[in-house]
Amino acid sequence: MEKKYIIALDQGTTSSRAIVYDKNAHPLGSKQKEFTQFFPQPGWVEHDAEELFKCQLEVMQMLLIEKEIKMDEIAAIGITNQRETVVLWDKKTGKPVYHAIVWQCRRTAALCEQLMKDGYEDVIREKTGLLIDAYFSGTKIKWILDNVPGLRERAKNGEILAGTIDTWLIWKLSGGARHVTDVTNASRTMLYNIYQLDWDNDLLKLLDIPRCMLPEVRDSSEIYCNTDSDVCGFTVPIASAIGDQQSALFGQGCFEKGDAKNTYGTGCFMLMNTGTKPVYSKRLLTTIALGMNGEIQYALEGSVFIGGAVIKWLRDEVKLISSAPEIDREAESVPDTNGVYLVPAFVGLGTPYWDMYARGTIVGLTRGAGKAHICRAALEGIAYEVRDVLDCMIEDSGADINVLNVDGGACVSNIMMQFESDIMNVPVCRPKNVETTALGAAYLAGLATGFWKSKKEILERRETDKLFTPSMDEEKRNKLYAGWKRAVERSRAWEEE
């Protein structure tokens, strides 16, 4: 039977989704389900890896049933995932030995501080392109090995496997047949040498992590294995794995050096393709953008830890809104924030501050400030964070960004995208399909299996929804941004080390 579909599994921080694409790269349907977030201590974030997998499997199976898709019509499955989140599991039983520690989790901040005090900052940057931060997977693995009795000895004996979420999903979907990751996810662990393209023995020794725990590292677009029919109910190739932000970069068609995108998800992540040579930066991350046909492309990345998650916080914790779309209606009901700034540093600050001890704050409150002003300040706060990153990227790369491609759920907010364009003084381009993270994984799986033939074919399918252009005068822009920088300073170094 003719292969008609590609399935993309988009395993995010708060939900798992499955999307089916046809030959024209049109999404024919999707299923999404949220899973439990665990906050055992302030600043700690965990997931139940078993629940996460079951959730991902369930939405895929529900989608195929709903759309009446036959198994032999599926060309391949592509996987994109929340990065840095790490799972350790028993190789024999397949059971996790501890909850997955999420990329947002700050429990290893003190360990990271010690590594910096011991003088490892430069060597880690030179090998991995990363700053020392609790964000990355390496110190999370060490923490689990240090805190689960007897685990490190079992790991040394080859009884325990480790992996980011792509690795966990591939291992589970294949019935334990393949323990593998791709170069983009490996480059986020703080254990992978992005120049030698291998796990770094010096860093493994530094964190006392047995090499035998870690997966084989492969390209982002290739057939790794087939799904296990006993697990999934069918057998098809798993043909891509890529970290969510790199997947969005590919899904946006940012194939050339200098192309840039920003994804508005739980966090905000801006990536610029720098081609086949890595670019060094003191404030941004140097990371791998893609591994394909044996060639590596690199990127500069700026990371905002809390982006769209602030909207969820206003809905779920503060109960200021009852649904995400309501925040736009509230924000549009007032002309400005009435001097209010909201800095969503709930788990510290990323680029360019890299402050693990910053915490969220709202400043500028007066008796005249109301719900609508706080809602607007939340949206503008996200835009300010992205401006922080853009300024670094332009300065450190030496390249102008003529247009910023945007994607992710929160970019559907017209008021936020217009303010984003205004505060950056750069046009913002939103595609018709804003879910480019899943689309990138689908494209890569399709290219690996011949479902699509070339990058040129992919670019021909890209459609623009709206182009936002700057309309704010320079004096107002500078005044607003100066206020943001003052607000950020109020949030910094709040938590005691």
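Just so we're clear, the structure is a prediction, and the values are computed from it rather than from any experiment.

Asker: Whenever I open this one, the overall build of the protein confuses me. Can you help?
Answerer: On a plain count of helices and strands, the protein comes out with 17 helices and 23 strands. A compact globule built from 497 residues would reach a C-alpha radius of gyration of about 23 Å, and the protein, at 22 Å, matches this within 12%. By principal-axis analysis of the C-alpha atoms, the protein measures approximately 60 × 55 × 45 Å. Across the protein, every contact between residues at least 6 apart in sequence was considered, and the portion connecting residues at least 24 apart equals 73%. Both charge centroids of the protein, one from 58 positive and one from 70 negative side chains, sit 1 Å from each other.

Asker: Please clarify how helix 11 (residues 309–316) should be interpreted in this entry.
Answerer: Every α-helix winds through 3.6 residues per turn, so residues three or four apart in the chain are directed the same way. For helix 11, the set of buried residues is Ala309, Val310, Ile311 and Leu314. Residues of helix 11 that are buried sit in contact with helix 12 (324–332), strand 19 (341–343) and helix 13 (371–397).

Asker: I keep staring at the pairing of strand 15 (residues 260–264) and nothing clicks. Help me out?
Answerer: For a regular strand, side-chain orientation follows a simple rule: the groups alternate between the two sheet faces. Counting buried positions along strand 15 gives 5 out of 5 residues, so the element sits mostly inside the fold. Burial along strand 15 is two-sided: Ala260, Asn262 and Tyr264 facing one way and Lys261 and Thr263 facing the other are all buried. The sheet contact formed by strand 15 and strand 16 (residues 268–275) spans 5 bridges and is antiparallel. Each residue of the ladder has a partner; that of Lys261, found in strand 16, is Leu271. Relative to strand 21 (residues 404–407), strand 15 is paired through 3 bridges, and the arrangement is parallel. Paired with Thr263 across the bridge in strand 21 is Asp407.

Asker: For this particular structure, what's the right way to read the state of the cysteines?
Answerer: Covalently bonding the sulfur atom of one cysteine to the sulfur atom of another cysteine gives a disulfide. Following the criterion strictly, the structure yields 0 disulfides and no others. Not engaged in a disulfide, the cysteine Cys268 finds its nearest cysteine sulfur in Cys411; these two sulfurs lie 10 Å apart. Cys411 carries a free sulfur, and the closest cysteine sulfur to it, the one in Cys429, is 10.0 Å from it. Cys411 gets classed as buried once you look at its relative accessible area, which sits at 0%.

Asker: It is not clear to me how helix 6 (residues 165–173) should be interpreted in this structure. Could you clarify?
Answerer: Judged by how many residues are buried, helix 6 sits mostly within the fold: 9 of 9 residues are covered. Restricting attention to buried positions, one finds in helix 6 the residues Ile165, Asp166, Thr167, Trp168, Leu169, Ile170, Trp171, Lys172 and Leu173. In the segment just after helix 6, Gly175 is the residue with positive phi, at about 65 degrees.

Asker: So what exactly am I meant to see when it comes to the packing of helix 11 against helix 13 here?
Answerer: Two numbers describe a pair of packed helices, the interaxial angle and the distance between the axes. Between helix 11 and helix 13, the least distance of the axes is 9 Å, while the angle of their chain directions is 160 degrees. The orientation of helix 11 relative to helix 13 falls into the category roughly antiparallel. The handedness of the crossing between helix 11 and helix 13 is right-handed. Facing helix 11, whose interface residues are Val310, Ile311 and Leu314, helix 13 presents Ile374, Ala378, Leu379 and Ile382.

Asker: What am I meant to see in the environment of Ile160 here?
Answerer: Residue position: Ile160 is located in strand 8 (residues 160–164). Sequence separation of Ile160 and Met213 is 53 residues, and the distance between their C-alpha atoms is 6.1 Å. Those residues in contact with Ile160 that sit more than four places away from it in its chain are Leu88, Trp89, Asp90, Val97, Leu151, Arg154, Ala155 and Met213.

Asker: Quick question: what am I supposed to make of unusual backbone geometry here?
Answerer: It is generally the case that most residues other than glycine have a negative phi and that most peptide bonds are trans. For the peptide bond that leads from Thr351 to Pro352, omega is -5 degrees, which places it in the cis range. Phi is positive for Leu197, close to 55 degrees, though the residue is something other than glycine. Looking at the element boundaries, Leu197 is found in the loop between strand 10 (192–193) and strand 11 (198–199). A relative accessible area of 35% means that Leu197 is categorised as partly exposed. Of note in this structure, Trp354 is not a glycine but carries a positive phi near 50 degrees. As for its position among the elements, Trp354 is in the loop between strand 19 and strand 20 (361–363).

Asker: Mind showing me how you'd approach the packing of helix 10 (residues 244–251) against helix 15 (residues 436–449) here?
Answerer: Two numbers describe how helix 10 lies on helix 15: the axes approach to 7 Å, and their chain directions differ by 75 degrees. As judged from the angle between their axes, helix 10 and helix 15 are roughly perpendicular. Here helix 10 contributes Asp244, Ser247, Ala248, Phe250 and Gly251 to the contact with helix 15, which in turn contributes Thr436, Thr437, Leu439, Gly440, Ala441, Tyr443, Leu444 and Leu447. Partitioning the contact of helix 10 with helix 15 into residue classes produces 7 nonpolar, 5 polar and 1 charged.

Asker: What's the story with the sheet that holds strand 14 (residues 237–243) in this structure? I'm lost.
Answerer: What holds strands together in a sheet is hydrogen bonding between their backbones, with the strands either parallel or antiparallel. Taken together, 6 strands build an open sheet; the order of strands is 3-2-1-5-14-13 and the sheet is mixed. With partners counted over all chains shown, the strands left at the sheet margins are strand 3 (27–34) and strand 13 (221–226), one partner each. Adjacent strand axes in the sheet meet at a mean angle of 25 degrees, parallel and antiparallel pairs treated alike. Taken together, the 7 bridges between strand 1 (residues 5–11) and strand 5 (residues 74–81) define a ladder with parallel strand orientation. What sits directly across from Ile6, in strand 5, is Ala76. With respect to the sheet, helix 6 is in contact with strand 1, strand 5, strand 13 and strand 14, its orientation differing from that of strand 5 by roughly 145 degrees.

Asker: Is there a simple way to think about the nonpolar core in this case?
Answerer: As a rule of thumb, nonpolar side chains are buried together in soluble globular proteins. Formed by 112 residues in total, the largest nonpolar core has its most connected members in Leu88, Ile141, Met213 and Tyr264. If one sorts the elements of this core by residue count, helix 13 sits on top with 13 residues. Apart from residues lying up to four places away in sequence, Ile141 is in contact with Val86, Leu88, Ala162, Leu191, Ile209, Met213 and Leu214.

Parameters and conventions
- Residues numbered from 1 in each chain as written.
- Predicted model: local features only at pLDDT ≥ 70, side-chain atom pairs only at ≥ 80, totals over all residues.
- Heavy atoms only, no water.
- Helix = DSSP H or I, 4+ residues; strand = E, 2+ residues; numbered from the N terminus.
- Rg over C-alpha atoms; globule rule 2.2 N^0.38 Å.
- Contact = heavy atoms within 4.5 Å.
- Lys, Arg positive; Asp, Glu negative; His and termini not counted.
- Charge placed at Lys NZ, Arg CZ, Asp CG, Glu CD.
- Buried < 20%, exposed > 50% of the residue type's maximum accessible area, 1.4 Å probe, protein only.
- Pairing = 2+ DSSP bridges.
- Disulfide = S-S within 2.5 Å.
- Axes fitted to C-alpha atoms, helices over the stretch in contact; angles between N-to-C directions.
- Parallel < 35°, antiparallel > 145°, perpendicular 65-115°, else oblique.
- Left-handed = near helix turned anticlockwise from the far one by under 90°.
- Nonpolar A, V, L, I, M, F, W, Y, C, P; charged D, E, K, R; others polar.
- Core = buried A, V, L, I, M, F, W, Y, C linked by side-chain atoms within 4.5 Å.

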